[in-house]
Amino acid sequence: MTGHKTLAEWLSWQESLHATAIDMGLARVERVRSAMNLQPSCPVVMVAGTNGKGSVCAMLSAMLRCAGFKVGTYTSPHILRYNERIAIDLAPASDERIVASFEAIDAARGDTSLTYFEFGTLAAVHSFVAEKVDVIVLEVGLGGRLDAVNIFEPDVSVVVSVDIDHQAILGDNREDIGFEKAGIFRAGKPALCADPNPPRRLIEHARAIGADLKLYGPDFGYQRMDNQWSFHMGDAHRHALPLPALRGGYQMINASAALAALECLKPRLPVSLGAVKRGLLEVEWPGRFQVLPGRPAVVLDVGHNPHAVKAMTASLKQLPFARNRLAVFSMLEDKDLEQVAFLAREEFDAWFVGGLDMPRGQSGERIAARLAEMGIARVQSFATVAQAWSAALSQAEESDRIVVFGSFHTVAEVMEARQHPA
């Protein structure tokens, strides 16, 4: 590529390089990986799941970092800056580091076309190898079996949860989706599933390839005792653990999955109890049921499918009383808005909906009309999410609560508006 030097220019170019934004399959990206001879020598953890995979990556990375290991963490999508996707020791990689990896990929790919996500996946691992990290944590983007991340060889694979999302690509039932996610399992390697109801096809695939399958419940889990908890996996136990800094009751299973992965890594990457405790207390993962300080209460949640919103509403019920409960809401066109709104409808007294001006976005008027068709009252529509946020904030009193949810883009626009108020 010539004439594209800044990170922003590289990303803009990548968006138009390939014919489609999502092109499931490993042949093209594996061809480039092979040309680059890109294969990490350090341990690799691969994490998939409908929801919770980012939280598991964040907790696992925090605990490993507290143990003194240099950690490379790849997650997606980002909220405000692309650099968030490629973190080294929990800090976003610099523009210069990412651009150097993009240049190496472009030099090696020849006439092979790559998607935006495939470029980013290769850049993340190239950056981690260049920075000589001790361990790599990779979050699967979509599914597992055909996701670009799956060209690398994991030492431990984790499927956090299996539910309905991306039906057009992964299937419209948990069995088919579970099989796709089980594609990250490897023969003879630890394969963890933290879903309390693991799909039969996931279990069958793990057994068919000879993976060392460990299930939440029979093989690992936790016990909660007031404001602390304990983890167990076989003969291994971790007692008197602090509750994770990440909010939401579902984070206990996510934390258990992260600790189970640590247990599998122990021969190569031993992590002390003290490092586990510090990691759980210090972990940060913005936008995942993030309760902001101050009044009125504000909750940011990137939940955008029924499984995530069900967890969000359960967590909202645990928060202190709010006189008026306001939603700032927007969703992409291809998501299940009706089911999400149905699950969340009892948690809000008023809805402030904004449009998302992007591919697959929809207008605030369109969303408001769909909510009205469901019988949801007190809905106001705005051209943008930022305008919806501003209106909710201006009407909220100190005893109220505002919840921003429905999409990564929804949360991102509110974060941006909070940083740069009009």
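Residues numbered from 1 in each chain as written. Predicted model: local features only at pLDDT ≥ 70, side-chain atom pairs only at ≥ 80, totals over all residues. Heavy atoms only, no water.

Going by the annotation in an unreviewed UniProt entry, the name recorded for the protein is Dihydrofolate synthase/folylpolyglutamate synthase, with Chromobacterium rhizoryzae given as the source organism. For the record of the protein, the UniProt heading Sequence similarities (unreviewed entry) holds the text "Belongs to the folylpolyglutamate synthase family." (UniProt positions renumbered as here; feature names shortened; annotations may be inferred.)

Undergrad: Account for the overall build of the protein, with residues named and values stated.
TA: A tally of regular secondary structure across the protein gives 15 helices and 17 strands. Since a compact globule built from 422 residues should have a radius of gyration of about 22 Å, the 21 Å found for the protein is in line with a globular shape. Along the first, second and third principal axes, the C-alpha atoms of the protein reach 60 × 55 × 40 Å. Within the protein, the proportion of its 422 residues that are buried is 56%. Taking the contacts inside the protein whose residues are at least 6 apart along the sequence as the reference set, 73% of them involve residues at least 24 apart. Accessible surface, the protein as shown: approximately 17,600 Å² in total, 50% of it carbon and sulfur. (Helix = DSSP H or I, 4+ residues; strand = E, 2+ residues; numbered from the N terminus. Rg over C-alpha atoms; globule rule 2.2 N^0.38 Å. Buried < 20%, exposed > 50% of the residue type's maximum accessible area, 1.4 Å probe, protein only. Contact = heavy atoms within 4.5 Å. Areas by Shrake-Rupley, 256 points an atom, 1.4 Å probe, with all protein chains shown as cover.)

Undergrad: Just give me the short version of the pattern of salt bridges, but keep the residues and values in it.
TA: Taken as a whole and judged by the stated rule, the model has 22 salt bridges. In this structure, Glu180 engages Arg145 in a salt bridge whose closest nitrogen and oxygen atoms are separated by 3.1 Å. Taken as a pair, Glu180 in helix α7 (residues 174-181) and Arg145 in the loop between β5 (135-139) and β6 (156-159) lie far apart in primary sequence, 35 residues in all. Accessibility expressed as a relative area gives 13% for Glu180, which makes it buried. Judged by relative accessible area, Arg145 falls into the partly exposed class, the value being 33%. Because the salt bridges share partners, they merge into one network encompassing Glu333, Glu338, Arg366 and Arg370. (Salt bridge = Lys/Arg side-chain N within 4 Å of Asp/Glu carboxyl O.)

Undergrad: Go over the sheet that holds strand β17 (residues 401-405) with me, naming the residues and quoting the values.
TA: Here we have six strands laid out as an open sheet, ordered β12-β13-β17-β14-β15-β16, and mixed in their pairing. A strand with exactly one partner marks an edge of an open sheet, and here the two such strands are β12 (290-292) and β16 (379-382). The sheet shows a mean angle of 20° between the axes of neighbouring strands, taken without regard to direction. Judged from the four bridges that link them, strand β14 (residues 325-329) and strand β15 (residues 350-354) form a sheet pairing that is parallel. Following the sheet pairing, Leu326 is matched in β15 by Ala350. Packed on one face of the sheet, helix α13 (residues 364-373) meets β14, β15 and β16 and runs near 145° to β15. (Pairing = 2+ DSSP bridges. Axes fitted to C-alpha atoms, helices over the stretch in contact; angles between N-to-C directions.)

Undergrad: Summarise the UniProt feature "domain: Mur ligase C-terminal" (unreviewed entry) in the protein; cite the residues concerned and give the values.
TA: The positions that UniProt labels "domain: Mur ligase C-terminal" (unreviewed entry) are, in the present scheme, residues 287-408. Annotated as residues 287-408, this span is 34% helix and 21% strand, and its ends, taken at the C-alpha atoms, are 8 Å apart.

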